[in-house]
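# Residue-level structure breakdown
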Amino acid sequence: MQTFLNLLEVEPIRLLISFGAVLFLVLNLAAVLTMAERKVSGYIHLRYGPNRVGPRGLLQPAADVFKLFTKENVSPGRSDLWVFLGAPIAMFIPAALVWLVVPFAPDAVVADLNVAILFFVAITSIGALGVVMAGYGSRSAFSLLGALRGAAQMISYEVPLILSLLGVVMLTGSLSLVDVVQAQGDTIWTWYFLPQLPMFITFYIAGLAEVKRVPFDLPEGESEIVGGFMVEYSGMTWALIQAAEFASMAVISAVTVTLFVGGWQPPLPFLDLGPFNWVWFGIKTALIMFTFQWIRWSVPRLRMDQLMDLGWKVLVPVTLIWLFVTAGAMLVF
Amino acid sequence: MLGEERRAEHEGALTEPPSSRLVSPDIRDEFGLETIDMSMGPQHPAMHGLLRLILELDGETVVRCDPVMGYLHRCQEKIAENRMYPAVIPLTDRLDYFANMHNEHGYCLAVEDLLDVEIPPRAEYIRVLMCELMRLASHIPSIGFLMLELGAFTPILYAFRERERIQSIFEAVTGARMMFHYIRIGGVKADLPPDIPQKIWDYIESLEAHFQRDFVDLIQGNEIFISRTRNVGKMTQEQAVEMGVTGPALRCTGVDFDIRLDYPYSVYPELQFEVITDTAGDVEASYRVRIAECLQSISIIKQCLEQMPEGEVMGDTGRRIRPDEGEGFGRVESPRGEYAVHVVSDGSDTPYRVHYRDPSFCNMQLLQEIVPGHYLPDIMPIMGLVDPVSGGWDK
Amino acid sequence: MPQVGQGILKGMGVTLQHLFGQKITRQYPEYKRELPERSRGMLTVDMDRCIACLQCMRICPDHCISIESTKRDADGSGKPKPFAVGFVIDDSRCMYCSLCVEVCPVNCIYHTEEFEAQAYDRLELARQFGELPVDPTVDPKPTVKKKKKPTGKKAPRTVEQPVSEKDDAA
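Residues numbered from 1 in each chain as written. Chains lettered and ligands numbered in written order. Predicted model: local features only at pLDDT ≥ 70, side-chain atom pairs only at ≥ 80, totals over all residues. Heavy atoms only, no water.

## Comments concerning the interface of chain A and chain B
Keep this limit in mind: Whether two residues are in contact is decided by their heavy atoms: any pair within 4.5 Å suffices. A simple way to read buried area is as the amount of 1.4 Å-probe accessible surface that goes missing from two parts once joined, with both sides added. Each salt bridge in this description consists of a side-chain nitrogen of Lys or Arg and a carboxyl oxygen of Asp or Glu lying within 4 Å of one another.
Contact with chain A, which involves 23 residues of that partner, is made by 34 residues of chain B. Taken over both partners, the interface formed by chain A and chain B buries close to 2400 Å², and the fraction arising from carbon and sulfur atoms is 64%. When the area that chain A buries against chain B is broken down by residue, the three leading residues are Ser223(A), Pro300(A) and Arg303(A), summing to 25%. Taken together, the connections running from chain A to chain B amount to 1 salt bridge. Close ionic contact of Arg303(A) with Asp378(B) constitutes a salt bridge, the shortest N to O distance being 2.9 Å.

Next comes the structure, spelled out in structure tokens:
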């Protein structure tokens, strides 16, 4: 045990072990989130959700994964096979990589980069690549439309997403996520979501659009383009796309918590749990993810032109104005 | 009228008509723009039944939309020619499977027109009661389907909760949940079971208690719903009338055509109700019309239960139904519009010819006319406006 | 846009109420709904009472009932009467319309509460009731008489449609 802990001190080994742990976490998170999604949707729909496999249906994800592993991996006859098969990987890797810079607790971060926010921005913008690859490789009109929508949407919403980060960066004066959390303090009213409320809402909406959740799930749009870019996928490739979707949803929630809701910080000083402060991080992330699911089962989907209107005509101006307001306030105070 | 204030409110903000989004073929040739051909359906998760739409897309804009029907064709009219008159009734159940009672009612009206049989008043009241329950069981899921097509999954489950409860009432009365075979030539199959009127009262009260919450609060004010449906599928009164559209799809343009009032049948003249119209003629207007019609149906059901006389439920049609040579015609207001049946008799005990005029089929003609120029995602709400049922258009 | 978001929040309130509300699912194989008295399940025949009048076979819209009948002196009265030696109900065709039940003069065919019919072969759903099996794949030849050919003889008379004032106005 002691030698193992000593190994953690050695830098490349620590990185590898912690990266493995994060990857394990992300893959399991996808399973847990599928379950949560189905339970929440079931309860909202006056159903029970899956409740047959295991106690209260908790083993359902395992059964699903088993089923998906045993399924044949079908690819369309005239598809561009390498692009088709590469797309799920291109979607999953960015979603998993962002976890490297997310601080779970003061010391529990795989890589405390001093440009963590830049890293996050850079990695999330790769996500669009996988969608385009999937749509192009499948060689289907539905997939192509889904990919075009996905590319347009993810690139457009990148702009308000980045702009809304800048307020936090200005207030903190650092691009490191650990610094951002520490600057927010351990009281709920000093967290950045209050002074940066418009930015927080913009980041939340842009984040929803970035991970293609309802009401911004146009690339999937199952009622018009059936499944969009993932209509031709089956078996484990499909499962990987789903895992990527859930992982990126979890990432966006975690980054929202880190940037605006105080990361691992307790809401009030006396609630400080010491080494167990990652519990606060988990609770907050779960709450944000619950709101994602809650919204998903409550509202219909936007249309492409309305989506673009919202992004460019509402969110971008709001963020720009609030950047000026923040800058002015920093000058005055 | 419902739409008046809303129309005035948005008169200034009217967007350009969808046809202005179409690029003229000359420009397309000049710049070498290509269109995508896409086949939507017949196996499409959100398509209403087995409909295939051949679409020509310019990006996301629909240039051409051709509905292809016939994937569920069962030769119902031809089968009916080889069945005895009473044995056709269970077949009419299979037409528009969201308005089975109305199908039976229309057919029975047509045959009764041939027979000149007198229907006992209690039977008439039971027919109207059942038809209005059926209208509720059809309009509420229609609203749910509209939301499903817009991407919101939840309302359809609340809608089906209501439908299932109504179906349980039907099961107790008729013996089946969907294929009732209850309205017969000359009356209805059997009297209501003694506990049913109370059950219907209880159900109607519980529906009124949460109708506002589940189908109005959840949907009506939602900004995304409004932006997806307002001015989508907009049609004028002239267009709708020329296409032979009936039902809520026609009434949402402002034409107050309702068979129940314009060509009264059964006991509708004795009941108090309004024809709901809206002026906007778009998807949102059709939603509002359906919601208001549900409330009207509730009121009709209450009146039926209050006014229902005692007595027989079956008129005297003789042992074998063998009408004289001639033609019979019956029309009812089904949830989707005018459902009419034309029966020709040659004096034998099977009809010589049966024709069903189904509103799903006639309303479908709208698609070719109003879809071009809309975006691809708008097709689905327009389908919700038309609300066709594949058993109806394919017969 | 003064009240943007209000409608969405209202809708989300509704879904939140349902999230914690009473669930309406019934777990089917464990929970079985009590069927109403009139519910129409799979048909069954009481062969002792059947008088082989073939009424049910004639009225059936789906031709799902086939009866093989002979004359037999079953009750020992000395007079041979029609007797159903073979009686098959093909459940893969039956649509539970209840016409046969209504038409039966001795109430020997009736609905049960069974409704869960399933089989790997379509023919397994044909249930035999008589002494001899009847081939369910043969159409029992509905005894509806050949139609008179009305075409040419006498054109069907046309009934004038009632015309209301509304039509005139339009």
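Once you've had a look at it, read on.
## Some points on the sheet that holds strand S8 (residues 353-357) of chain B
Residues and elements named next belong to chain B. The line we're drawing: DSSP calls a pair of strands paired once it identifies at least 2 bridges connecting them. Put simply, DSSP H or I for four residues or longer makes a helix, DSSP E for two residues or longer makes a strand, and each gets a number counted from the N terminus. An axis is simply a line fitted to the C-alpha atoms; with a helix, the fit covers only the stretch in contact. Between two such axes, the angle follows the N-to-C directions and lies from 0 to 180 degrees.
Within the open sheet, the 3 strands sit side by side as S6-S7-S8. Their pairing is antiparallel. Of all strands in the sheet, those with a lone pairing partner are strand S6 (326-334) and S8, marking the two edges. Sheet twist, expressed as the mean angle between neighbouring strand axes with direction ignored, is 10°. With 9 bridges joining them, S6 and strand S7 (residues 337-345) adopt antiparallel strand pairing. Of the residues in S7, the one forming a bridge with glutamate 333 is glutamate 338. Where helix H5 (residues 100-115) meets the sheet, it contacts S6 and S7, and its direction lies at approximately 150° from that of S6.

## Examining helix H3 (residues 60-70) of chain A
All names here are of chain A. Let me state the cut-off plainly: In this scheme, a residue with accessible area under 20% of its type's maximum is buried, one over 50% is exposed, and one in between is partly exposed, where area comes from a 1.4 Å probe on protein chains only. The directions considered for the arc run from the helix axis to the C-beta atoms.
Within H3 the residues assigned to the buried category are Gln60, Pro61 and Leu68. Here the buried residues of H3 occupy an arc of 95° about the axis, which is enough to place them on one side. Residues of H3 that are exposed and angled more than 90 degrees away from the buried face: Phe66, Phe69 and Thr70. For H3, the elements touching its buried residues are helix H2 (11-44) and helix H9 (235-260).

## A look at the interface of chain B and chain C
If you look at the interface, chain B gives 51 residues, while chain C gives 44 residues. In total, about 3900 Å² of surface goes out of reach between chain B and chain C, with carbon and sulfur atoms giving 53% of it. Broken down residue by residue, the surface that chain B buries against chain C is led by Glu223(B), Glu325(B) and Glu327(B), which jointly contribute 14%. Connecting chain B to chain C are 3 salt bridges.

## Some words on a nonpolar patch on the surface
We count it as follows: The residues that make up patches have over 30% relative accessible area and no salt bridge, and they are joined within 9 Å when like-charged or within 5 Å when they are Val, Leu, Ile, Met, Phe, Trp or Tyr. The accessible surface values rely on the Shrake-Rupley method and a 1.4 Å probe; as for residues, cover is taken only from the protein chains in view.
A contiguous nonpolar surface patch, about 340 Å² in accessible area, is contributed by Leu81(A), Trp82(A) and Leu85(A). Inspection of the secondary structure puts Trp82(A) in helix H4 (residues 81-97).

## Thoughts on the nonpolar core
Defined as follows: In this text, buried Ala, Val, Leu, Ile, Met, Phe, Trp, Tyr and Cys residues form a nonpolar core when linked through side-chain atoms within 4.5 Å.
In this structure, Trp99(A), Phe120(A), Leu259(A), Phe260(A), Leu55(B), Met130(B) and Tyr182(B) are the most contacted members of the largest nonpolar core, which totals 211 residues. In terms of residue count, the dominant contributor to this core is helix H6 (residues 121-150) of chain B (16 residues). Not counting residues up to four positions away in its chain, the partners in contact with Trp99(A) are Val22(A), Leu25(A), Val26(A), Leu29(A), Phe104(A), Ala247(A), Ala250(A), Val251(A) and Ala254(A).

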